[in-house]
Amino acid sequence: MKPIIQIDQVTKEFKGRAAVDNLSLTIEEGSVVALLGSNGAGKTTTVSMMLGLLLPTKGSVRIWEGNPQDRAVRNRLGAMLQEVNVIDGLTVLETIDLFRHYYSRSLPLDHLLHISGLGAEKNKRASSLSGGQKRRLGFALALAGDPDLLFLDEPTVGMDITARQQFWETVRGMAANGRTIILTTHYLEEADSIADRIVVINKGKLIADGTSAEIKASTNRKTILFTAGAHLTEDQLASLPCVNDVTWSGRKVKITSTDTDQVIFAMVQRQLDIKDIEIHAGGLEDAFQFLVQQ
Ligand SMILES: Nc1ncnc2c1ncn2[C@@H]1O[C@H](COP(=O)(O)OP(=O)(O)OP(=O)(O)O)[C@@H](O)[C@H]1O
């Protein structure tokens, strides 16, 4: 597949501290890539450099073999950033229409309004929209130029369940049409369901890169979920073998372990006061926690 983005040994420093540290990454046309990382890991800084909003301190970022700041490159990009800056005084409809005119090829106004889900608010001032509505407007603005490459930085924060479902449906449709999509999110189940490639960044460095299944396979931890009876104590759980982590949520307990057979065996042998036992293979969240703690 054709590479669309080439990040080569990029470092970005702020006041001498590296927010992104010698990162190299190639993204192919038509892929859906999720950038994952804890708060402050360097995701937004990386996306900002891909968009040409920040310049690397060292290294280079190329998009379609050009500079991200080139007009021809920008014409084919769409970006939904964490902050949606609306223009004072303009209605929702006027804002969308204004953005359409920035691009040589644009999606029809009605279609964009439909994507935003803001038909009933189209004549409202964009500045008076709620946080979740502004995010939906930001999505429509990102799609205004019918982009070949779409950046979504924590896109669903503040969206309600219906807006979220509609949002991912639109993104899936774009992916099915061969568009390249790069997203950052803290909702790992969203990354798991949409991305065909997951890149994990920690302290500015790339620490894992692969399909969701490959990332999950990087940890052999599983979880045991059960309900604790009145007689179960924290000490009883702490003394079990092969336990990596125990979390209590009311009477529901989650144990993470690399050998769930041993844990279950010990729990039964010691006749612990537990019921409703379930065992789950490690999900993306477990793998992510494992990777960033290394
Ligand atoms: N303009 C700036 N000036 C100084 N430091 C900055 C600036 N932008 C980012 N940083 C620092 O760079 C690091 C990476 O920040 P970045 O916003 O890229 O992280 P992130 O992975 O997107 O985090 P989050 O999940 O919280 O959005 C952080 O330590 C942050 O404080």
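Just so we're clear, the structure is a prediction, and the values are computed from it rather than from any experiment.

## Some remarks on the overall build of the protein chain
A tally of regular secondary structure across the protein chain gives 11 helices and 13 strands. Considered along the principal axes of its C-alpha atoms, the protein chain spans approximately 70 × 45 × 40 Å. For the protein chain, the residues scored as buried account for 37% of the 294 residues in total. Counting contacts in the protein chain only where the partners sit at least 6 residues apart, residues at least 24 apart contribute 70% of the total.

## A short note on the site of the ligand
Taken together, the residues surrounding the ligand are Phe14, Ala19, Gly37, Asn39, Gly40, Ala41, Gly42, Lys43, Thr44 and Thr45. In terms of residue count, helix α1 (residues 43-50) provides more of the shell around the ligand than any other element does, 3 residues in total. For the shell around the ligand, the per-class residue count stands at 3 nonpolar, 6 polar and 1 charged.

## What about the sheet that holds strand β10 (residues 222-228)?
Sheet architecture is open: 4 strands sit in the order β11-β12-β10-β13, paired in antiparallel fashion. Each edge of the sheet is formed by a strand with only one pairing partner; in this case those strands are β11 (243-249) and β13 (274-281). The sheet shows a mean angle of 20° between the axes of neighbouring strands, direction not considered. As judged from the 6 bridges shared by β10 and strand β12 (residues 252-257), these two strands associate in the antiparallel manner. In the sheet register, Lys222 faces β12, and the bridge partner there is Ser257.

## Regarding the pairing of strand β8 (residues 197-202)
The pairing of strand β3 (residues 32-36) with β8 spans 4 bridges and is classified as parallel. Within the sheet, the bridge partner assigned to Leu36 lies in β8 and is Val200. In this structure, β8 lies alongside strand β9 (residues 205-210), joined through 5 bridges in antiparallel fashion. Within the sheet, the bridge partner assigned to Ile201 lies in β9 and is Leu206. As consecutive antiparallel partners, β8 and β9 are separated by 2 residues, and within that stretch Lys203 has a phi angle of approximately 50°, a positive value.

## With respect to the environment of Thr256
Counting through the fold element by element, Thr256 comes out in strand β12. Since 20 C-beta atoms lie within 10 Å of it, Thr256 is described here as buried. Thr256 sits 16 residues away from Leu240 along the chain, and the two C-alpha atoms are 12 Å apart. Ignoring anything within four residues of it in the chain, the contact list for Thr256 reads Arg221, Thr223, Asn244, Asp245 and Asp286.

## Concerning the domain arrangement of the protein chain
Assigned domains of the protein chain: these are domain 1 (3-216) and domain 2 (222-293). The straight-line distance from the C-alpha centre of domain 1 to that of domain 2 is 38 Å. Of the residues lining the interface, 12 residues belong to domain 1; the matching set on domain 2 comes to 8 residues. If you list the elements that add at least two residues to the side of domain 1 that touches domain 2, you get α7 (188-194), β8, β9 and α8 (212-216). Of the residues assigned to the side of domain 1 that touches domain 2, the class counts are 7 nonpolar, 3 polar and 2 charged.

The rules we used
Within any chain, residue numbers begin from 1 and follow the written order of that chain's sequence. Whole-chain, interface and lining totals are the exception, using all residues; otherwise, since this is a predicted model, local features are given only for residues with pLDDT of at least 70 and side-chain atom pairs are given and counted only at 80 or more. Secondary structure elements are taken from DSSP: a helix is a run of H or I of four residues or more, a strand is a run of E of two residues or more, and numbering for both begins at the N terminus. Buried, partly exposed and exposed are defined by the number of other C-beta atoms within 10 Å of a residue's own C-beta, namely 20 or more, between the two limits, and 12 or fewer respectively, with C-beta atoms placed from the backbone. Throughout, a residue-residue contact means that the two C-beta atoms, derived from backbone geometry, are no farther apart than 7 Å. To decide whether a residue is near a molecule or strand, its C-beta atom is placed from the backbone and checked for lying within 6 Å of it. As a working rule, the residues Ala, Val, Leu, Ile, Met, Phe, Trp, Tyr, Cys and Pro are called nonpolar, Asp, Glu, Lys and Arg charged, and the rest polar, with Gly in that last group. Think of it this way: DSSP has to see at least two bridges between two strands before they count as a pair. Orientation is described by axes fitted as lines to C-alpha atoms, over the contacting stretch for helices, and by angles from 0 to 180 degrees between their N-to-C directions. The source of the domain bounds is an automatic or database domain assignment.

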